[in-house]
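# Survey of secondary and tertiary structure
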Amino acid sequence: MFWRRTKSSVMISKLSPRTKLLYYLILRFYERFRKPLYSRKKIQKLLFLVEHFDLERRAIVKSLGITGYTFYIWGYGPFSKEIYDDLEDLVEKKLIEENVVTLNQDIESELGIDLNMYSDDGAGKRMYIYTPEKNDTKSLDLDPKVSLKIDTILSEFGMKKPHELEEIVNEMLKLDNKKKIRCWGISIDEYIEKGFSC
């Protein structure tokens, strides 16, 4: 048992800072709500809020340099491909488990969603569910301010459904469907610099 902990601690210590942060988010979600973090879309929006939501001003601001992720305007609002790369890394290292769920009434009622209307960042009628395989927050060595920010975002937004988070974030960014198409691919920082315009 001791050897396994040591091995996972070494593996965690070798993660990039942003991958450690992503792992912490998934781990803390699981600890706080006693269930896996479902939806890539939800992960995208939660990490966006960690990076761009000023808790004191209650406003979206330019990148705070917390997560290491750069977000761009995409079909469902702010998006960072780097998050997918880091999720893949965590799955390959067996630090998290990824399950893909397709249309199923049992899953729909359990999660409280309608998968007929659901798209997890473009993957219609399926959802990605993430569960931590290891519980080793000590090896993460995150800045306490970063941990607190993640915990605060989870406390305020963690129980929101993916589509609710999408709506909240897009409203904060003043993004409607037409504006998303017009501003597609522009970084959030550039969009904010231009006065929430493109």
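Residues numbered from 1 in each chain as written. Predicted model: local features only at pLDDT ≥ 70, side-chain atom pairs only at ≥ 80, totals over all residues. Heavy atoms only, no water.

All right, on to the nonpolar core then. Core analysis: the largest hydrophobic core is formed by 48 residues, its most contacted members being I43, L47, L49, L87 and L173. Contributing elements (two or more residues each) for this core: α2 (17-33), α3 (40-52), α4 (81-92), β9 (126-132), α6 (144-157), α7 (162-172) and α9 (188-193). Of the residues forming this core, the biggest block, 8 residues, is contributed by α2. (Core = buried A, V, L, I, M, F, W, Y, C linked by side-chain atoms within 4.5 Å. Buried < 20%, exposed > 50% of the residue type's maximum accessible area, 1.4 Å probe, protein only. Helix = DSSP H or I, 4+ residues; strand = E, 2+ residues; numbered from the N terminus.)

One open sheet holds the 3 strands; their spatial order is β1-β9-β6, and the pairing between them is antiparallel. Edge positions in the sheet fall to β1 (37-38) and β6 (96-102), since each of these pairs with one other strand and no more. In this sheet, β9 lies alongside β6 in antiparallel orientation, the contact comprising 7 bridges. Residue pairing for β9: E97 is matched across the bridge by T131. (Pairing = 2+ DSSP bridges.)

The end-to-end C-alpha separation of α6 is 20 Å, in line with the 20 Å expected for 14 residues at 1.5 Å each. Residues of α6 that are buried include every one of V146, S147, K149, I150, D151, I153, L154 and F157, and no others. Packing partners of the buried residues in α6 comprise α2, α3, β2 (53-54) and α7. Structurally, the start of α6 carries an N-cap: the backbone nitrogen of K145 is 2.7 Å from a side-chain oxygen of D143. (Expected span 1.5 Å × (residues − 1). Contact = heavy atoms within 4.5 Å. Polar contact = N/O pair within 3.5 Å; in protein donor to acceptor, adjacent residues only side chain to side chain.)

Our next topic: the side chain of K180. Its place among the elements puts K180 in helix α8 (residues 177-182). For K180, the contacting residues outside a window of four places in its chain are I73, W74, G75, Y76, G77, E166, N170 and L175.

Another aspect to go through is the pattern of salt bridges. Taken as a whole and judged by the stated rule, the model has 11 salt bridges. Here E166 makes a salt bridge to K41, at a shortest N to O gap of 2.8 Å. Within this pair, whereas E166 is found in helix α7, its partner K41 is found in helix α3, the two being separated by 125 residues in sequence. Per residue, the accessibility class of E166 equals that of K41, and both read buried. Members of the salt-bridge network, linked through shared partners, are R18, E82 and D86. (Salt bridge = Lys/Arg side-chain N within 4 Å of Asp/Glu carboxyl O.)

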